[in-house]
Number of protein chains: 2
Amino acid sequence: MDEAADRTLPARNGRAARVTIHDVARASEVSIATASKALSGQGRMAVATRERVKEVAKALSFRPNAIARALLKQRSFTIGLLTDDTYGRFTLPVMAGISEALVDRGVSVFLCSVERDSAVGQSHVDAMLEKQVDGIIASGKRLDRRLSVDLSVVDVPVVYAYCEGPEGSIGFVSDDRAGACLAVERLMALGRRRIAHVTGPADFAVVPQRARGFAEALARAGLRPFTEHPMVGDWSEAWGFAAAERLLADPAGRPDAVFCGNDQIARGLIDALTLRGVAVPGDIAVVGFDNWEIFAAATRPPLTTVDMNLKDLGRHAGLTLLDLVEGRPVPPGVRALPCRLVVRRSCG
Amino acid sequence: MDEAADRTLPARNGRAARVTIHDVARASEVSIATASKALSGQGRMAVATRERVKEVAKALSFRPNAIARALLKQRSFTIGLLTDDTYGRFTLPVMAGISEALVDRGVSVFLCSVERDSAVGQSHVDAMLEKQVDGIIASGKRLDRRLSVDLSVVDVPVVYAYCEGPEGSIGFVSDDRAGACLAVERLMALGRRRIAHVTGPADFAVVPQRARGFAEALARAGLRPFTEHPMVGDWSEAWGFAAAERLLADPAGRPDAVFCGNDQIARGLIDALTLRGVAVPGDIAVVGFDNWEIFAAATRPPLTTVDMNLKDLGRHAGLTLLDLVEGRPVPPGVRALPCRLVVRRSCG
């Protein structure tokens, strides 16, 4: 027991530190919530666990103060993550980031899927609130769409991560315009001058955002886009494939680089170029967007692409929610977080 | 109110049916748990919701009996789904199936990610049990691996779906051997006779299972595999690409069909064949495994592939867990559920 005490008593400023519930939880190898429940005689757990926590608390001479007791009673050390991204492409990286940021604080993240049916979705939100989650993070597959459920009326803090929230809410999105600039600047640094932009449907907010970043980066270098307007289609390999054939058929000449609106378009485009004997990146350099590993790394050649840093976005959302839960003020508004360029071989 | 009563009172066997909490919940458009909490004065919810439920209950002349009250008190109408599949490839379809099966019973599904660190995983399980989930479904990315957490000691029912459980547990897996038979039988029905098998690492249990199905289907038709042993590599496009080149270089002749162990291998193989001017399916027919839509549908030509019916597997797991929660007996053991063949153009 002395060994446990030694292990868990950090010497703060040289003075003997006050033993907290965190110390008890760590030494007992349980969550803070479990330690709290064990000591207060509440909750469900194995008898052995409860006994172990009590023994550790005794060995550490743990004395919870009134404020700590009240705080612990009010908090459940769980947060809810709601999403309509049934494919998980966007939400799972966000969830990984939230979990990573909060696991050291003893917080568990529970994901619940809310789809288009708002009545069903609302019943899931009810269930989450009944479980007394400390807060909710709303996430989705489009940053310009709201979830089907109304979270403006729930009585716990809410943060929006990669989906739209109501006026005055706190949200995190990726800065796709700046991300597109990174891609184009890299292509220009490699000597490319005739750069085309092949992208997705214009009714996705990210499409004009990425297109603006593309145009601005070119304009700063005194260049014009290879086609007057971005070539828009759907978010598919098939569109990338078709766009490549259209670009190659143009009698006015070929681009020397293509910045694609997502990795699937880039994949289809590269496959079409390769089949026509056009070398990537030798003749035409290609950059994608998303860094969807399973696509980007398997493309031949492997794809240089913009990563939206969704895990980092989740980390920020999780820490911000914790601030709100613990009563620290957070100004409302949407934060656009930086993307990064992942360089592989397709850009030269 | 009379309208609501009419809408929610099913006439069972011609007699006036007893009004249940289900009827109240449905007419109030809330979950059963919410309806229960509203009427018992417990839990958190908007005042308006609580009032609405009470009014509906009054209008329907709802009188909970003692058993119903006890049952409702004991149940939380939530189940926990644990997974170590951080990519979601396997778990998200399973989750969709569970949710679909249970949403009509008013049950919400909460997903929690448990990774390799078993102490952290266990703290998430603790958090789930503290939330008093009615039961737990364990799922993963490999059906021959256990999760890092020990669920044999928890005091709620547990069902295993696409991961290994302890001796005597209740589990659901896909019948990959029979799935492989479906693929090979289709190829033979289309006249193919020289069929090769290119697959993943042999230490995955599914690899010998799929290989056995492949060999058995051929043997029943009096045929031998094109290569004496399955060609094993990793689960990647790069391996499929390399395997195609190896098959084409063989002076003993070419196969007329390849059954691949997953869709990524099939994709790489088809791309290599296409680049070498070998027609798919004209010269060589190809079938994959997984039906990972985003790959299978985008392959040129679109890929015929075996679907493990993971959503159906989730449905079965969810309904079985509900049986256990409601006290109906379920014999232990692992159920292997049928796969289905999704026919696209790559098989001819």
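Because the structure is predicted, anything quoted here is derived from the model rather than measured.

### Notes on the overall build of chain A
No. 1: In terms of helices and strands, chain A carries 13 helices and 12 strands.
No. 2: Viewed in the frame of its principal axes, chain A has a C-alpha envelope of about 80 × 45 × 35 Å.
No. 3: Split into buried and exposed, the 348 residues of chain A put 55% on the buried side.
No. 4: For chain A, the computed accessible surface area is about 15000 Å², with 52% contributed by carbon and sulfur atoms.
No. 5: One finds the centroid of the 44 positive side-chain charges in chain A at a distance of 4 Å from the centroid of its 41 negative side-chain charges.

### Things to note about the pairing of strand 10 (residues 304-307) of chain B
Residues and elements named next belong to chain B.
No. 1: By the alternation rule, side chains of strand 10 split into Thr-304 and Val-306 and Thr-305 and Asp-307, which are all buried.
No. 2: Relative to strand 10, strand 9 (residues 285-289) runs parallel, the two being bridged by 3 bridges. Each residue of the ladder has a partner; that of Val-287, found in strand 10, is Thr-304.
No. 3: Two elements, strand 10 and strand 12 (residues 340-342), share 3 bridges in a ladder whose sense is antiparallel. Each residue of the ladder has a partner; that of Thr-305, found in strand 12, is Val-342.

### Overview of the nonpolar core
The nonpolar side chains of a soluble globular protein tend to be buried, and buried together.
No. 1: In this structure, Leu-269 and Val-286 of chain B are the most contacted members of the largest nonpolar core, which totals 154 residues.
No. 2: Counting residues in hydrophobic clusters, the runner-up holds 38 residues, among them Ala-127 of chain A together with Val-114, Val-158 and Tyr-160 of chain B.

### A short note on the packing of helix 2 (residues 21-28) of chain B against helix 4 (residues 47-59) of chain B
Residue and element names in this part refer to chain B.
No. 1: Running from amino to carboxyl end, helix 2 crosses helix 4 at an angle of 125°, the nearest separation of the two axes being 9 Å. If you check the angle between helix 2 and helix 4, you find them oblique. Note on packing geometry: the crossing formed by helix 2 with helix 4 is right-handed. Residue-level contacts link Val-24, Ala-27 and Ser-28 of helix 2 to Arg-52, Val-53, Val-56 and Ala-57 of helix 4.

### Some thoughts on the domain arrangement of chain A
Residues and elements named next belong to chain A.
No. 1: The domains assigned to chain A are domain 1 (2-74), domain 2 (78-174 + 310-337) and domain 3 (176-308).
No. 2: For domain 2 versus domain 3, the separation of C-alpha centres amounts to 32 Å.
No. 3: Listed as interface residues are 9 residues of domain 2 and, on the opposing side, 12 residues of domain 3.
No. 4: Both faces combined, the contact of domain 2 with domain 3 buries some 890 Å², and carbon together with sulfur accounts for 53% of it.
No. 5: For the domain 2 face of the interface with domain 3, the top three residues by lost area are Arg-89, Arg-142 and Ser-174, together amounting to 52%.
No. 6: At the boundary of domain 2 with domain 3, the tally comes to 0 salt bridges.
No. 7: At the junction of domain 2 with domain 3, the criterion picks out 5 residue pairs in polar contact (both at pLDDT 80 or more).
No. 8: In terms of residue class, the side of domain 2 that touches domain 3 is made up of 5 nonpolar, 1 polar and 3 charged.

### Looking at the packing of aromatic side chains
No. 1: If you walk through the whole model with that rule in mind, you get 14 aromatic pairs over all chains.
No. 2: On the numbers, 6.2 Å between centres and 85° between planes, the contact of Tyr-87 of chain A with Trp-292 of chain A is edge-to-face. Placement of the pair is Tyr-87 of chain A in the loop between strand 1 (78-83) and helix 6 (91-102) and Trp-292 of chain A in the loop between strand 9 (285-289) and helix 12 (293-296), with a sequence separation of 205 residues.
No. 3: Under the relative-accessibility criterion, Trp-292 of chain A is labelled buried at 7%.
No. 4: Judged by centre distance (6.3 Å) and plane angle (20°), the ring pair of Phe-214 of chain A and Phe-259 of chain A falls under stacked. With Phe-214 of chain A in helix 9 (residues 206-220) and Phe-259 of chain A in strand 8 (residues 257-260), this pair connects stretches of sequence that are 45 residues apart. For the pair formed by Phe-214 of chain A and Phe-259 of chain A, the shared burial category is buried.
No. 5: Counting every residue linked through ring pairs, the aromatic cluster contains Tyr-87, Trp-292 and Phe-295 of chain A together with Tyr-87, Trp-292 and Phe-295 of chain B.
No. 6: Between the NZ or CZ atom of Arg-89 of chain A and the centre of the ring of Phe-90 of chain A, over which it lies, the distance is 5.1 Å.

### What about the interface of chain A and chain B?
No. 1: On the chain B side, the residues contacting the 47 residues of chain A number 47 residues.
No. 2: Summing both partners gives a buried area of about 4100 Å² for chain A against chain B, and 57% of it is carried by carbon and sulfur.
No. 3: Inspection of the chain A/chain B interface yields 8 salt bridges.
No. 4: Residue Asp-271 of chain A pairs with Arg-300 of chain B through a salt bridge whose shortest N-O separation is 2.5 Å.
No. 5: Linking chain A with chain B are 18 residue pairs in polar contact (both at pLDDT 80 or more), by the criterion used here.
No. 6: When residues of the side of chain A that touches chain B are traced back to their parent elements, those giving at least two are helix 3 (32-40), helix 6, strand 2 (108-113), helix 7 (118-130), helix 10 (237-249), helix 11 (263-275) and helix 12 of chain A.

### Comments concerning the environment of Ser-139 of chain A
All names here are of chain A.
No. 1: Secondary-structure assignment places Ser-139 in strand 3 (residues 135-139).
No. 2: As a C-alpha pair, Ser-139 and Leu-81 span 58 residues in sequence and 7.1 Å in three-dimensional space.
No. 3: Among the polar contacts listed, one links the side chain of Ser-139 to the backbone oxygen of Ala-161, at a separation of 2.9 Å.

### Focus on the sheet that holds strand 8 (residues 257-260) of chain B
All names here are of chain B.
No. 1: With mixed pairing, 6 strands are arranged side by side in an open sheet as 7-6-8-9-10-12. A strand with exactly one partner marks an edge of an open sheet, and here the two such strands are strand 7 (231-232) and strand 12.
No. 2: Bridging between strand 8 and strand 9 involves 3 bridges; their strand directions are parallel. Each bridged residue has a counterpart across the sheet, and for Ala-257 the counterpart in strand 9 is Ala-285.

### Description of the environment of Thr-320 of chain A
All names here are of chain A.
No. 1: Looking at where Thr-320 falls in the secondary structure, it is placed in helix 13 (residues 310-325).
No. 2: Take Thr-320: its relative accessible area is 11%, and that puts it in the buried class.
No. 3: Each C-alpha atom, one on Thr-320 and one on Thr-91, is 17 Å from the other, the two residues being 229 residues apart in sequence.
No. 4: The residues contacting Thr-320, other than those within four sequence positions of it, are Val-159, Ile-170, Phe-172 and Val-330.
No. 5: Reaching out from Thr-320, the side chain makes a polar contact with the backbone oxygen of His-316 at a distance of 2.7 Å.

### Considerations on the sheet that holds strand 8 of chain A
All names here are of chain A.
No. 1: Ordered by their spatial adjacency, 6 strands build an open sheet running 7-6-8-9-10-12, and the pairing between neighbours is mixed. Strands at the two margins of the open sheet, each flanked by one partner only, are strand 7 (231-232) and strand 12 (340-342).
No. 2: In the packing of helix 8 (residues 176-189) onto the sheet, contacts are made with strand 6 (195-199), strand 8, strand 9, strand 10 (304-307) and strand 12, and the angle to strand 9 comes to roughly 165°.
No. 3: Strands strand 6, strand 8 and strand 9 of the sheet are contacted by helix 9, whose axis makes an angle of about 175° with strand 6.

### Regarding the relation of the copies chain A and chain B
No. 1: Expressed as a screw transformation, the operator carrying chain A onto chain B has a rotation angle of 180° and an axial translation of 0.0 Å, and the superposed copies differ by an RMSD of 0.1 Å. Taken together, the turn and the small shift mark the pair as related by a two-fold rotation axis. Within chain A, Leu-111 of chain A has its C-alpha nearest the rotation axis, a separation of 2.4 Å.
No. 2: In this assembly the copies share their binding face: 100% of the residues contributing to the interface of chain A also contribute to that of chain B.

What counts, and where the lines are drawn
- Residues numbered from 1 in each chain as written.
- Chains lettered and ligands numbered in written order.
- Predicted model: local features only at pLDDT ≥ 70, side-chain atom pairs only at ≥ 80, totals over all residues.
- Heavy atoms only, no water.
- Helix = DSSP H or I, 4+ residues; strand = E, 2+ residues; numbered from the N terminus.
- Buried < 20%, exposed > 50% of the residue type's maximum accessible area, 1.4 Å probe, protein only.
- Areas by Shrake-Rupley, 256 points an atom, 1.4 Å probe, with all protein chains shown as cover.
- Lys, Arg positive; Asp, Glu negative; His and termini not counted.
- Charge placed at Lys NZ, Arg CZ, Asp CG, Glu CD.
- Pairing = 2+ DSSP bridges.
- Core = buried A, V, L, I, M, F, W, Y, C linked by side-chain atoms within 4.5 Å.
- Axes fitted to C-alpha atoms, helices over the stretch in contact; angles between N-to-C directions.
- Parallel < 35°, antiparallel > 145°, perpendicular 65-115°, else oblique.
- Left-handed = near helix turned anticlockwise from the far one by under 90°.
- Contact = heavy atoms within 4.5 Å.
- Domains from an automatic or database assignment.
- Buried area = accessible area lost by both parts, 1.4 Å probe.
- Salt bridge = Lys/Arg side-chain N within 4 Å of Asp/Glu carboxyl O.
- Polar contact = N/O pair within 3.5 Å; in protein donor to acceptor, adjacent residues only side chain to side chain.
- Nonpolar A, V, L, I, M, F, W, Y, C, P; charged D, E, K, R; others polar.
- Phe/Tyr/Trp six-rings, centres within 6.5 Å; stacked < 30°, edge-to-face > 60°.
- Lys NZ or Arg CZ within 6 Å of the ring centre and 35° of its normal.
- Least-squares fit on C-alpha atoms with pLDDT ≥ 70 in both.

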